[in-house]
Amino acid sequence: MTQQLLLFSIGPVQSFIAQARKTHDLRVGSFLLSHLIDTTIDELENQVKECEIIFPYKEIESKPNRFMALFKSSNPKEVGDNLEKYIQKEFEEIAFSVLEKTGITKRDGFTKNLEEDFKNQITNFLQIFWTIIPFDKDNYSKSYLELEQSLGAIKNIRSFNQLEERGRKCSLCGERNVLFFREKRAFIPKHAIHFTSVSRTFFDDELCAVCFTKRFVNWHFNKKELQDYPSTAGIIFNNTLKKIDQKLKNDYKKILGKEFDAQLYFEENLTENYFERNDFPFSKLDEAKEQLKAIKKDAEKKGLSFPKYYSLIMFDGDSMGKWLSGAYLADKGQLQVFHNEMSKILGAFAKEVREIITEKEGRVIYAGGDDVLAFVNLEHLLPVLRKLREKFPNFGELSPKSDNVSTASCGICISHYKTPLGRTLSWARRMERQAKDKIAGKDAIGIAYLRRSGAITKSLFKWDYENTSTVESLKSFDSLNTLGTLKELVNLLQEEQFSSTFIRHLDEEFRRLMDKDGKYEEQIIGKNEEEKEEKLGLIKMEMQRLITRSCMMEKKEKESDKKFSERKRKEIEKLVERLNILYEKSFSLENFLAFLDIALLFERGIR
Ligand SMILES: [Zn+2]
C-alpha cells in the first residue's frame, strides 16, 4: 500500500459564515461547517490505515473549511469518492432531520413538490473539492506543492449545477427560492410552507432549504452552546446586565414573555411599532416602560451604561499561503516537520483566543487556526486586539536559520446594534483586506466605523511603527504602538485632561485642503524641498498649538506652579509625539483625521 496525500475542501464558505441576518446565523453557520469537516475527518480515519491529519490541528474547536491528511491506501480514488458521498449524505440527513423536528413533514401543506424542491436545494448546495496524490516521502515539499496546484486546477475547471428556479428568492442568501416564510408575499412558490411555530425574533423572514436548515440546525444537534445565542444587543451589554438587580430584570422579562430580546433594554424600542413587528402585546407597553425606568435608574446608580455600538473583528495571519509553501524556510527539506509544528501552535493559538475573548469581552464565532471572527464590545476592544496580535505565533521560530517573522492583520467594523449584520460583516472583511493590501508589509489594523446615519469613517495603520518587534511592543499600551496611542488619546479625553475641540478644529482647518483622495501632501509636490518641508510641518505645528490650547489639566493640591507646568508640558509633549508618528506614517491626511474621529467614538461610546 502506498502513502497518499489528500487535500479536501468544502464550500461555499461565504454561505456558512457570511450570509447572516442574526448573530445566531453566524454562530450556527460556522458550527455546521466545522461539524461537516470534523465528521469527514473521522470517516477518513475509519476508512484508511495509518492516517495522519496534518491540517488543521485535530483538537481545535472550530475547524476551517479544508483539511490535509496523509494515509495509506491502494485505492485512493475510492477513498475520495467515499468521502464526498459521505459528507453529502451527512448534510442531507441533517437537513431532513431538521425538517422533521420542526413538525413540517407531518403538516397537510407538506407536498411532494416541496419535498422535491427541498431535496434539490440541499443536494445542490455543497461544493466539494478534493485531490489525492501519491506521497513522495523523500520530497514532502514537492508533494505539497503538487497537491495545492492540483486542487487549484480542479477548482478552476469544475462547475456546479445552477438551479434554475423561478420565483421569490430567499431573504438570507438571495440565491435559492423561498420554501419557508412568515408573511405571505408575491412570487412565493405555492407549495412553500407558512411557518409560524417559533417566535418572530427567531424567524421573521423567507428562507430557502439551506438557510432554513442553518437557522434551525440546533433542532437536530440540540447543543447547549447554540441555544439562546444572544442578539448583538445582548452581546454588547452582557457586562452591564450582569450587574443589574436580578429581580428587576426578571420582572421585566416576565412582563414581555419568552420572546424577550435584549433590544428591549433600549427605550427607543418600547413603541407600538416595535411591539407590533415583534408580536408583543400593546397592553404591556406602559407596564414595560415603567419597569425599564426602574432598571435604568438602577444602572445609573451603579454607573452602568447601555452602549449602542459594538465591534465585529476579523483577524488572520498574513501571507499564510507563502508560509505553508515553505517560501520562508531556510531548508525546504524541513517542510513536513514545519507543517506539523505550525499546525500545533495554531491549535494552541485558537485555544488562547477563547481565553482572550470570553463572554465578558464578547463572543467568538470561530477561531480556527490562524483566523478569528468575533464580536467584541467596545469597552474591551483595544485590550483584545492587543492580546490577539501579541499572542499570534511566530512561525519563523519554528524554522532554524530563518529570520522571517510571521505577522497578522485585523479588520474591525464598529457598528450600531440596528445596522444589518450582513453589512457589518462585509465591512469587517473589507477592512481586513485593505489592511493587507493598502499597508506595505501588512501587519496592520483597519477600522471602519459605521454611523447609524450611514456615514463611514475608516482608518488603516500598522500595529506598530517605532519598535523593532511588534510583538514585544504590544505587550503593553505604553510602548509607542498604534493601539497604545488610541487608548492614551481616549483616556485623556475621558478624564477630561484634554478637550476634544482640537480634533474638530484640526478637521475643520485641513479637510478643505485635501485632494479627492484625502491627501494633503500630494498637492505640494513640484515645489522645492524647503517649501515642501515647511508645508508638511504646518500640520504638526498646528496640531501642537491646538493640543496645547485644548489641555484642561488642573493643578493638584499642594503642587507648585513650576511642577504643574512641567507636568502639563510633558503630557502635551507625549501626546504630540504619539500623534506625530501616526501622522507621518499615514498614507493620507484623511486617514489620520479618521483615526482621531474614531478616538472620539470610543470616548463617547464606552461610557
Ligand atoms: Zn437561502
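Along each chain, numbering runs from 1 in the same order as the chain's sequence is written. Reporting in this predicted model follows two pLDDT cut-offs: at least 70 for local features of residues, and 80 or more for side-chain atom pairs to be given and counted; totals over whole chains, interfaces and linings ignore these cut-offs and use all residues. Excluding hydrogens and water, the side-chain figures rest on all heavy atoms present in the structure.

Draft legend 1. Seen up close, the overall build of the chain. Here a helix means four or more residues in a row that DSSP labels H or I, a strand means two or more in a row labelled E, and each is numbered from the N terminus. When helices and strands are tallied, the chain shows 22 helices and 13 strands. The C-alpha radius of gyration of the chain comes to 28 Å, within 12% of the 25 Å expected for a compact globule of 607 residues. Projected onto the principal axes, the alpha-carbon positions of the chain cover approximately 85 × 75 × 45 Å. Note on exposure labels: buried denotes an accessible area under 20% of the residue type's maximum, exposed denotes more than 50%, and partly exposed covers the range between, all computed with a 1.4 Å probe on protein chains only. A total of 607 residues make up the chain; the buried ones form 54% of that total. The criterion used for residue contact is that any of the two residues' heavy atoms lie within 4.5 Å. Contacts spanning at least 24 positions in sequence make up 70% of the contacts within the chain whose residues lie at least 6 apart. In these tables, accessible area is a Shrake-Rupley quantity obtained with a 1.4 Å probe, and a residue counts as shielded only by the protein chains included in the view. Of the roughly 28,700 Å² of accessible surface on the chain, 47% is carried by carbon and sulfur atoms. Two residue types count as positive, namely Lys and Arg, and two as negative, namely Asp and Glu; His and chain ends fall outside the count. Lysine's charge is taken at NZ, arginine's at CZ, aspartate's at CG and glutamate's at CD. Once the 100 positive and 96 negative side-chain charges of the chain are each reduced to a mean point, those two points are 3 Å apart. This radius of gyration counts C-alpha atoms alone. The globule rule is 2.2 Å times how many residues there are, raised to the power 0.38.

Draft legend 2. Main features of helix 5 (residues 140-157). An ideal rise of 1.5 Å per residue puts 26 Å on 18 residues; helix 5 measures up with 26 Å between its terminal C-alpha atoms. Every buried residue of helix 5 is accounted for by Tyr140, Ser141, Ser143, Tyr144, Leu147 and Leu151. Against strand 1 (2-11), strand 2 (49-55), strand 3 (66-73), strand 4 (127-134), helix 13 (320-325) and helix 14 (335-356) lie the buried residues of helix 5. Helix span, expected: 1.5 Å multiplied by one less than the number of residues in the helix.

Draft legend 3. Broad picture of the coordination of the zinc ion. Coordination shells were defined by N, O and S atoms within 2.8 Å of each metal, extended to 3.2 Å for Na, K and Ca; water is absent from the atom set, which can make sites look incomplete. Bound to the zinc ion are the protein donor atoms Cys170 (SG), Cys173 (SG), Cys208 (SG) and Cys211 (SG), situated 2.3 Å from the metal. For the zinc ion, the four donor atoms are set out with angles of 105 to 115° between them, so the coordination reads as tetrahedral. In primary-sequence terms, the residues that donate to the zinc ion follow C-x2-C-x34-C-x2-C. On the criterion of sequence distance, the pair formed by Cys173 in the loop between helix 5 and strand 5 (180-181) and Cys211 in helix 6 (residues 209-215) is long-range, its members being 38 residues apart. Comparing Cys173 with Cys211, the two get one shared label, buried. Geometry assignment treats four donors as tetrahedral when all angles are between 85 and 135 degrees, treats four as square planar and six as octahedral when opposite donors are over 155 degrees apart and all others between 65 and 115, and treats everything else as irregular.

Draft legend 4. Local environment of the pattern of salt bridges. By convention in these notes, a salt bridge is any Lys or Arg side-chain nitrogen within 4 Å of a carboxyl oxygen on Asp or Glu. Taken as a whole, this structure holds 52 salt bridges when the rule is applied. For Lys574, the salt bridge goes to Glu488, with nearest N and O atoms at 3.7 Å. Linking Lys574 in helix 21 (residues 561-585) with Glu488 in helix 18 (residues 482-494), this pair joins segments that are 86 residues apart in sequence. For Glu488, a relative accessible area of 16% corresponds to the buried category. A salt bridge links Arg569 to Glu566, with the nearest nitrogen and oxygen atoms 3.0 Å apart.

Draft legend 5. Structural view of the environment of Arg182. Within the fold, Arg182 resides in the loop between strand 5 and strand 6 (193-194). Take Arg182: its relative accessible area is 7%, and that puts it in the buried class. For the pair formed by Arg182 and Thr196, sequence separation is 14 residues and the distance between their alpha carbons is 6.2 Å. If near-sequence neighbours (up to four positions away) are discounted, Arg182 is found in contact with His194, Phe195, Thr196, Val198, Ser199, Arg200, Phe203, Asp204, Asp205 and Asp279. Looking at Arg182, its side chain comes within polar contact range of the main-chain oxygen of Val198, at 2.7 Å. Polar contacts here mean pairs of N or O atoms no more than 3.5 Å apart (in protein, one a potential hydrogen donor and the other a potential acceptor; neighbouring residues in sequence count only if both atoms are side-chain atoms).

Draft legend 6. A look at the sheet that holds strand 5. Only when DSSP finds a minimum of two bridges between them are two strands counted as paired. Reading across from one edge, 6-5-7 is the order of the three strands in this open sheet, with mixed pairing throughout. Each edge of the sheet is formed by a strand with only one pairing partner; in this case those strands are strand 6 and strand 7 (206-207). Here strand 5 runs beside strand 6; their pairing, made up of two bridges, is parallel. Across the sheet, residue Phe181 finds its bridge partner in strand 6, namely His194.

Draft legend 7. Region of the structure containing a positive patch on the surface. For patches, a residue must show more than 30% relative accessible area and have no salt bridge; joins then use 9 Å for like charges and 5 Å for nonpolar side chains, namely Val, Leu, Ile, Met, Phe, Trp and Tyr. Taken together, the side chains of Arg423, Arg430, Lys438 and Lys458 define a basic patch exposed on the protein surface. No other element matches the three residues that helix 16 (residues 421-438) contributes to the positive patch. Looking at the element boundaries, Lys438 is found in helix 16. For Lys438, a relative accessible area of 48% gives the class partly exposed.

Draft legend 8. Representation of the side chain of Ser586 within the structure. Here Ser586 shows up in the loop between helix 21 and helix 22 (589-606). Here Ser588 takes part through its backbone oxygen, which lies 2.6 Å from a polar atom of the side chain of Ser586. Look past the residues within four positions of Ser586 in its chain and what remains in contact with it is Phe461, Asn591 and Phe592.

Draft legend 9. How the structure looks around the side chain of Lys63. Within the secondary structure, Lys63 sits in the loop between strand 2 and strand 3. Side-chain polar atoms of Lys63 contact the side chain of Asp38, separated by 3.1 Å. Non-local contacts of Lys63, meaning those with residues more than four positions away in its chain, are made with Leu33, Ser34, Ile37, Asp38, Pro56, Tyr57 and Lys58.

Draft legend 10. Inspection of the nonpolar core at higher detail. Ranked by internal contacts, the top residues of the largest apolar core, which has 104 residues, are Leu44, Tyr252 and Tyr265. The leading source of residues in this core is helix 2 (residues 23-47), at nine residues. Nine residue types can take part in a nonpolar core, namely buried Ala, Val, Leu, Ile, Met, Phe, Trp, Tyr and Cys, and a core is a set of them joined through side-chain atoms within 4.5 Å. By size, the runner-up hydrophobic cluster in this structure holds 90 residues, among which are Ile313, Met514, Leu582 and Ala599.

Draft legend 11. Here's a closer look at helix 3 (residues 76-101). In this model helix 3 runs 37 Å from its N-terminal to its C-terminal C-alpha over 26 residues, within 8% of the 38 Å that 1.5 Å per residue would give. Gly103 occupies a position one or two residues after helix 3 and carries a positive phi of about 85°.

Draft legend 12. The arrangement of the environment of Thr358 in detail. With respect to the secondary-structure elements, Thr358 resides in the loop between helix 14 and strand 9 (362-368). For the pair Thr358 and Val376, spaced 18 residues apart in sequence, the C-alpha to C-alpha distance is 9.3 Å.

Draft legend 13. Local environment of the packing of helix 5 against helix 14. The axes are straight lines fitted to the C-alpha atoms, using for helices just the contacting stretch, and the angles between their N-to-C directions are given from 0 to 180°. Relative orientation of the contacting elements helix 5 and helix 14 amounts to 65°, with a least axis distance of 8 Å. Each of Tyr140, Ser141 and Tyr144 in helix 5 lies in contact with helix 14, whose residues at this interface are Leu335, Gln336 and His339. Here the contact of helix 5 with helix 14 is built from residues that sort into three nonpolar, three polar and no charged. Note that Gly is not counted as nonpolar here; it falls among the polar residues with everything else outside the nonpolar set of Ala, Val, Leu, Ile, Met, Phe, Trp, Tyr, Cys and Pro and the charged set of Asp, Glu, Lys and Arg.

Draft legend 14. Representation of the domain arrangement of the chain in the model. For the chain, the domain assignment lists domain 1 (2-220), domain 2 (238-301), domain 3 (307-463) and domain 4 (477-607). The domain boundaries here were taken from an automatic or database domain assignment. A straight line from the C-alpha centre of domain 1 to that of domain 2 covers 39 Å. Each side of the interface is counted separately: domain 1 has four residues, and domain 2 has five residues. By definition, the buried area sums, over both parts, the 1.4 Å-probe accessible area that each loses when the two are put together. Taken together, both faces of the contact between domain 1 and domain 2 bury some 380 Å²; the carbon and sulfur share is 46%. Considering only the surface of domain 1 that becomes buried against domain 2, Ser199, Arg200 and Thr201 emerge as the three largest contributors, covering 94% of it. Linking domain 1 to domain 2 there are two salt bridges. Salt-bridge contacts for Arg200 lead to Asp279; the nearest nitrogen and oxygen are separated by 3.0 Å. Taken together, domain 1 and domain 2 are joined by two residue pairs in polar contact (both at pLDDT 80 or more). Here the residues of the side of domain 1 that touches domain 2 are counted per class, giving no nonpolar, two polar and two charged.

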